[in-house]
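# Reading the structure
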There are 2 protein chains.
Amino acid sequence: MAARVKKDESPRTPLTPERVVSAAIELADEKGVAKLTMRGLAASLGVEAMSLYYHFANKGKILDAMVDAVFAEVELPAKDDEWKPAMRARAGSLRSVLLDHTWAIALMDSRPDPGLGTITHHDAIIGCLRSAGFSMSLTAHAFSVIDSYVYGFVSQESGLPFQSSEELADVAGGIIESLPVEQFPHFSEMVAAYYLHPEYSFAEEFLVGLDLILDGLERLRAAEVSDGES
Amino acid sequence: MAARVKKDESPRTPLTPERVVSAAIELADEKGVAKLTMRGLAASLGVEAMSLYYHFANKGKILDAMVDAVFAEVELPAKDDEWKPAMRARAGSLRSVLLDHTWAIALMDSRPDPGLGTITHHDAIIGCLRSAGFSMSLTAHAFSVIDSYVYGFVSQESGLPFQSSEELADVAGGIIESLPVEQFPHFSEMVAAYYLHPEYSFAEEFLVGLDLILDGLERLRAAEVSDGES
DNA sequence: CTTGACTTTCTTACATTGTAAGGTTACCTT
DNA sequence: AAGGTAACCTTACAATGTAAGAAAGTCAAG
């Protein structure tokens, strides 16, 4: 009553870990993770920097929570899905999530402490493969190849200095001109090829490699089944 | 004023970009890239921080040069090598180089400006594939999958909080104990499996995925050849 | 309402970082 | 020796993460 009717100075929504993390993600998405400072983050929440330290021990813990939140965004397979389309879908989802938060890959490398979202994620993937008949060790292999590929691909994709095909053509053109062509004939040829073929698509390239890997896994699984291994 | 005949026993080897870069790499290898500061780097060269700015416009240029130097360490295939063992060898070499300089992966992601070492490297790989009969586009696919895989794999490998099998067992044991097993049955099972199988080897895991990819590429190449595509 | 305990936020301060501006020394050529 | 340039240094500053502790807000019981 009294408190309610008090002067409406501020909506005084209290700071919570969740609000901090989502503000941090928003800020990192916009300005890049390098611009994510304690003061800036606090300001975006209408608060002073040191207030954040009541909810997080240090900046690193905030980064951990951000990574975990990103993982939680990835679509997980339903229980009865076929393993191959399920893996295809989740790889695609992982790629798109990581592209939305390009800072996440770099953070994951440097913050190995897995959170709940991460573990939930991994559990679902492993479960899908196992119930599709993958042995323990083949599951481990599958997990390793797929994730390595996706991380590596997105890491390169998001690090390159262009996003659209036109930008690619520009960059490629620039490289060609400033390069001693006779010294790097193959590289030049390659760049030229994509300079002339600006319909190059990261999405297609991604699927080529992914399907190559999934087909390989299917073969390994078939071999395993015919061996009776478990 | 006083005579300049001070203690001139210093061999006063002049600062060169090369010396700066190799000192920077050494420092990053030892203390981690986060501890690579201008002052620290200068001190390790017996010099003041601002002296570095005579040779490099800013810290970023030093980081670029470090990445390029790391790339130059990777073994390149000889011209007449079979493509498959050549790719296998260079992927292994790339992995070991990146493991020696774990900071390099993160830097590569954030510094897209390729240097001479990088281009030389790429040119050799492309040349090897092309002269093995790979079409332009299949070469691009091959390059993309292989590199994505290697980067992603090493990125995960070097980010994990253990190096040896014993440490793995320790970490796995710790995870098992502090985890609600019934909530993540598959994840727990997986961790337990490796807890009991401490002969797990990153090197082997790496080769499993790599060979899966190389076999897939061989199949694509065979299909291409029988199609007469170029 | 007052009191006091507890939670949440803020103030101040400091060590570290990258680097701009300009000064100082060392070395080479004439 | 003289002068010029290449190499290095001194000083200074703004921005960062965060330690220490003060202040404000919140709520239960007297």
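Residues numbered from 1 in each chain as written. Chains lettered and ligands numbered in written order. Predicted model: local features only at pLDDT ≥ 70, side-chain atom pairs only at ≥ 80, totals over all residues. Heavy atoms only, no water.

## Points about the overall build of chain A
From N to C terminus, chain A includes 12 helices and 0 strands. Starting at the N terminus and walking to the C terminus, you meet the elements of chain A as α-α-α-α-α-α-α-α-α-α-α-α. Taken over the C-alpha trace, chain A has a radius of gyration of 23 Å; the compact-globule value for 230 residues is 17 Å, which it surpasses by more than 25%. Its C-alpha atoms give chain A principal-axis dimensions of about 70 × 60 × 25 Å. By element, 56% of the accessible surface of chain A is carried by carbon and sulfur atoms, the whole surface being about 11900 Å². Where the 19 positive side-chain charges of chain A centre and where its 35 negative ones centre are 13 Å apart. (Helix = DSSP H or I, 4+ residues; strand = E, 2+ residues; numbered from the N terminus. Rg over C-alpha atoms; globule rule 2.2 N^0.38 Å. Areas by Shrake-Rupley, 256 points an atom, 1.4 Å probe, with all protein chains shown as cover. Lys, Arg positive; Asp, Glu negative; His and termini not counted. Charge placed at Lys NZ, Arg CZ, Asp CG, Glu CD.)

## A few points about the relation of the copies chain B and chain A
Least-squares fitting of chain B to chain A yields an RMSD of 0.1 Å, with the transformation described by 0.0 Å of translation along the axis and a rotation of 180°. Each copy turns onto its partner about a two-fold axis. Looking at the interface residues of chain B, 100% of them are also at the interface in chain A, so both copies use one shared face. (Least-squares fit on C-alpha atoms with pLDDT ≥ 70 in both. Contact = heavy atoms within 4.5 Å.)

## Here we look at the interface of chain B and chain A
The interface is formed by 47 residues belonging to chain B together with 48 residues belonging to chain A. Here chain B and chain A share an interface that buries about 4200 Å² over both sides, 69% of which is from carbon and sulfur atoms. Of all residues in chain B, D123(B), H186(B) and L212(B) give up the largest surface area on contact with chain A, accounting jointly for 14% of the area buried on that side. Counting every contact that joins chain B to chain A gives 2 salt bridges. In this assembly, chain B and chain A are joined by 12 residue pairs in polar contact (both at pLDDT 80 or more). Of all elements in the fold, only α7 (116-131), α8 (136-159), α10 (185-196) and α11 (202-227) of chain B reach the threshold of two or more residues within the side of chain B that touches chain A. (Buried area = accessible area lost by both parts, 1.4 Å probe. Salt bridge = Lys/Arg side-chain N within 4 Å of Asp/Glu carboxyl O. Polar contact = N/O pair within 3.5 Å; in protein donor to acceptor, adjacent residues only side chain to side chain.)

## Remarks on the protein's contact with DNA strand D
The immediate surroundings of DNA strand D are formed by 17 residues, with Y53(A), K59(A), S51(B), Y54(B) and H55(B) found nearest. Backbone atoms, meaning sugar plus phosphate, form 58% of the atoms of DNA strand D positioned within 4 Å of the protein. A distance of 3.0 Å is found between a phosphate oxygen of DNA strand D and a backbone nitrogen or oxygen belonging to L15(B). With respect to DNA strand D, the side chain of H55(B) contributes an N or O atom lying 2.6 Å from a phosphate oxygen. Elements supplying a minimum of two residues to the surface near DNA strand D: α3 (38-44) of chain A together with α3 (52-55) of chain B. The residue makeup of the surface near DNA strand D, split by class, is 9 nonpolar, 4 polar and 4 charged. (Near = heavy atom within 4 Å. Nonpolar A, V, L, I, M, F, W, Y, C, P; charged D, E, K, R; others polar.)

## Some words on empty space enclosed by the protein
Going through the model one piece at a time under the given rule, you end up with 2 cavities of 30 Å³ or more. Within this model, the largest cavity holds a volume of roughly 40 Å³. Taken together, I105(A), D109(A), Y151(A), G152(A), S155(A), I105(B), D109(B), Y151(B), G152(B) and S155(B) make up the lining of the largest cavity. Counting only elements with at least two residues in the lining of the largest cavity, the list comes to α7 (103-110) and α9 (136-159) of chain A together with α6 (103-110) and α8 of chain B. Tallied by class, the residues present in the lining of the largest cavity amount to 4 nonpolar, 4 polar and 2 charged. Volume-wise, the second largest cavity comes out at about 30 Å³. (1 Å grid on protein atoms, 1.4 Å probe; cavity = no way out; pocket = protein on both sides within 12 Å on 5 of 7 lines; lining within 4 Å. Points joined across faces, edges and corners; volume = space filled by probe spheres on them.)

## What about the pattern of salt bridges?
Residues and elements named next belong to chain A. Summed over all chains, the structure comprises 12 salt bridges over all chains. Between K84 and E218 there is a salt bridge; the shortest N-O distance is 2.7 Å. With K84 in helix α6 (residues 83-100) and E218 in helix α12 (residues 202-227), this residue pair connects regions lying 134 residues apart in the sequence. Accessibility expressed as a relative area gives 33% for E218, which makes it partly exposed. (Buried < 20%, exposed > 50% of the residue type's maximum accessible area, 1.4 Å probe, protein only.)

## Topic: the domain arrangement of chain A
A common way to report how large an interface is uses the accessible area buried once the components associate. All names here are of chain A. On domain assignment, one finds that chain A holds domain 1 (13-56), domain 2 (68-160 + 202-229) and domain 3 (165-195). Its C-alpha centre places domain 1 at a distance of 30 Å from the equivalent point of domain 2. Buried surface at the junction of domain 1 and domain 2, both sides included, amounts to about 410 Å², of which 76% is carbon and sulfur. It is I25, D29 and V33 in domain 1 that bury the most area against domain 2; as a group they hold 82% of the surface buried on that side. If you look at where domain 1 meets domain 2, you find 0 salt bridges. Here the residues of the side of domain 1 that touches domain 2 sort into 4 nonpolar, no polar and 1 charged. (Domains from an automatic or database assignment.)

## Points about the packing of aromatic side chains
Residue and element names in this part refer to chain A. Going through the model one piece at a time under the given rule, you end up with 10 aromatic pairs over all chains. Ring centres of W83 and F134 lie 4.9 Å apart, and the angle between their planes is 75°; this geometry places the pair in the edge-to-face category. Placement of the pair is W83 in helix α6 and F134 in the loop between α8 (116-131) and α9, with a sequence separation of 51 residues. For the residue pair W83 and F134, the accessibility class agrees, reading buried in each case. Ring pairs connect the aromatic residues Y149, F153, F202 and F206, which therefore count as one cluster. (Phe/Tyr/Trp six-rings, centres within 6.5 Å; stacked < 30°, edge-to-face > 60°.)

## Some details on α12(A)
Here α12(A) is 26 residues long and its end C-alpha atoms lie 38 Å apart, about the 38 Å a rise of 1.5 Å per residue gives. Along α12(A), the positions that sit buried rather than exposed are F202(A), E205(A), F206(A), G209(A), L210(A), L212(A), I213(A), L214(A), G216(A), L217(A) and E224(A). Lining the buried residues of α12(A) we find α6 and α9 of chain A together with α8 and α11 of chain B. The N-cap of α12(A), judged by a side-chain oxygen 3.1 Å from the amide nitrogen of A203(A) a few residues on, is S201(A). (Expected span 1.5 Å × (residues − 1).)

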